[in-house]
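Fold and contact review
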Amino acid sequence: MEGEIGFMRIAHVLWGLQTGGTEYMLADIANNQVKTENVFIIVVDDNVNQDVLKKFSSKISFFFCGRKKGRKSLLAFMKLNYFLFKIRPDVTHLHMGWG
């Protein structure tokens, strides 16, 4: 069963999706992972650059919490937990949002 498409469910969580090193590194990693695994990306904040989004494979599933940057939001926290519950990832990778 190893090497079979969809063998693992991998979730990546990051604050935003803007032009930066983390986002481009994640695009490279996720685009390679999706060749053999199920890949999900959860974006917490509402700051999403559409040009960066286009760098990701269409096979990757995105979930957006919609939190306003810098604000505390119980709803965004609940969405994050719901998305993780729904995805049921084997691996969850949390990416930092600042350098």
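Higher on the page you've got the structure.
Summarised in this report is the structure supplied together with it. Everything numeric here is computed off the predicted structure, so don't read it as measured data. (Residues numbered from 1 in each chain as written. Predicted model: local features only at pLDDT ≥ 70, side-chain atom pairs only at ≥ 80, totals over all residues. Heavy atoms only, no water.)

Looking at the overall build of the chain
Per the secondary structure count, the chain includes three helices and four strands. Traced from its N-terminal end to its C-terminal end, the chain shows the element sequence β-α-β-α-β-α-β. On C-alpha atoms alone, the chain measures out to a radius of gyration of 13 Å, which is about the 13 Å that the 2.2 N^0.38 rule sets for 99 residues. Along the first, second and third principal axes, the C-alpha atoms of the chain reach 45 × 25 × 20 Å. Out of the 99 residues belonging to the chain, those deemed buried represent 35%. Restricting to contacts in the chain with at least 6 residues of sequence separation, those with at least 24 account for 65%. Put simply, the chain shows about 6400 Å² of open surface, and 57% of that area lies on carbon and sulfur atoms. Charge separation in the chain, taken as the distance between the mean sites of 13 positive and 9 negative side-chain charges, equals 10 Å. (Helix = DSSP H or I, 4+ residues; strand = E, 2+ residues; numbered from the N terminus. Rg over C-alpha atoms; globule rule 2.2 N^0.38 Å. Buried < 20%, exposed > 50% of the residue type's maximum accessible area, 1.4 Å probe, protein only. Contact = heavy atoms within 4.5 Å. Areas by Shrake-Rupley, 256 points an atom, 1.4 Å probe, with all protein chains shown as cover. Lys, Arg positive; Asp, Glu negative; His and termini not counted. Charge placed at Lys NZ, Arg CZ, Asp CG, Glu CD.)

Notes on the pattern of salt bridges
In this structure the tally under the stated criterion is three salt bridges. Where Asp-45 meets Arg-67, a salt bridge forms, and the shortest distance between an N and an O atom there is 2.6 Å. Taken together, the residues Asp-45 in strand S2 (residues 38-45) and Arg-67 in strand S3 (residues 61-67) connect sequence positions 22 residues apart. Just as Asp-45 is buried, Arg-67 falls in that class too. For Asp-51, the salt bridge goes to Lys-54, with nearest N and O atoms at 3.9 Å. An identical accessibility class is assigned to Asp-51 and Lys-54; each is exposed. (Salt bridge = Lys/Arg side-chain N within 4 Å of Asp/Glu carboxyl O.)

With respect to a nonpolar patch on the surface
Together, Leu-74, Phe-77 and Met-78 line one region of the surface with nonpolar side chains, adding up to about 350 Å² of accessible area. For Leu-74, the location among the structural elements is in helix H3 (residues 74-87). Residue classification places Leu-74 among the exposed residues on the basis of a relative accessible area of 62%. (Patch = residues over 30% accessible without salt bridge, like charges linked within 9 Å, V, L, I, M, F, W, Y side chains within 5 Å.)

Side note on the nonpolar core
Leu-14, Leu-17, Leu-26, Ala-30, Ile-41, Phe-56 and Ile-60 are the most contacted members of the largest nonpolar core, which has 13 residues in total. Looking at this core, the elements with two or more residues in it are helix H1 (21-33), S2 and helix H2 (50-53). Excluding residues that lie within four positions of it along the chain, Phe-56 makes contacts with Leu-17, Glu-23, Leu-26, Ala-27, Ala-30, Asn-31, Ile-41 and Phe-62. Counting ten residues, the second-largest nonpolar core is a separate cluster that includes Phe-40, Val-44, Ala-76 and Phe-83. (Core = buried A, V, L, I, M, F, W, Y, C linked by side-chain atoms within 4.5 Å.)

Focus on the pairing of strand S1 (residues 9-14)
Most of S1 is tucked away, with five of its six residues classed as buried. In the classification by handedness, the crossover that spans S1, the intervening H1 and the parallel S2 is right-handed. Judged from the four bridges that link them, S1 and strand S4 (residues 91-94) form a sheet pairing that is parallel. By the bridge assignment for S4, Ala-11 is matched with Thr-92. (Right-handed = clockwise from strand over helix to strand, strands pointing away. Pairing = 2+ DSSP bridges.)

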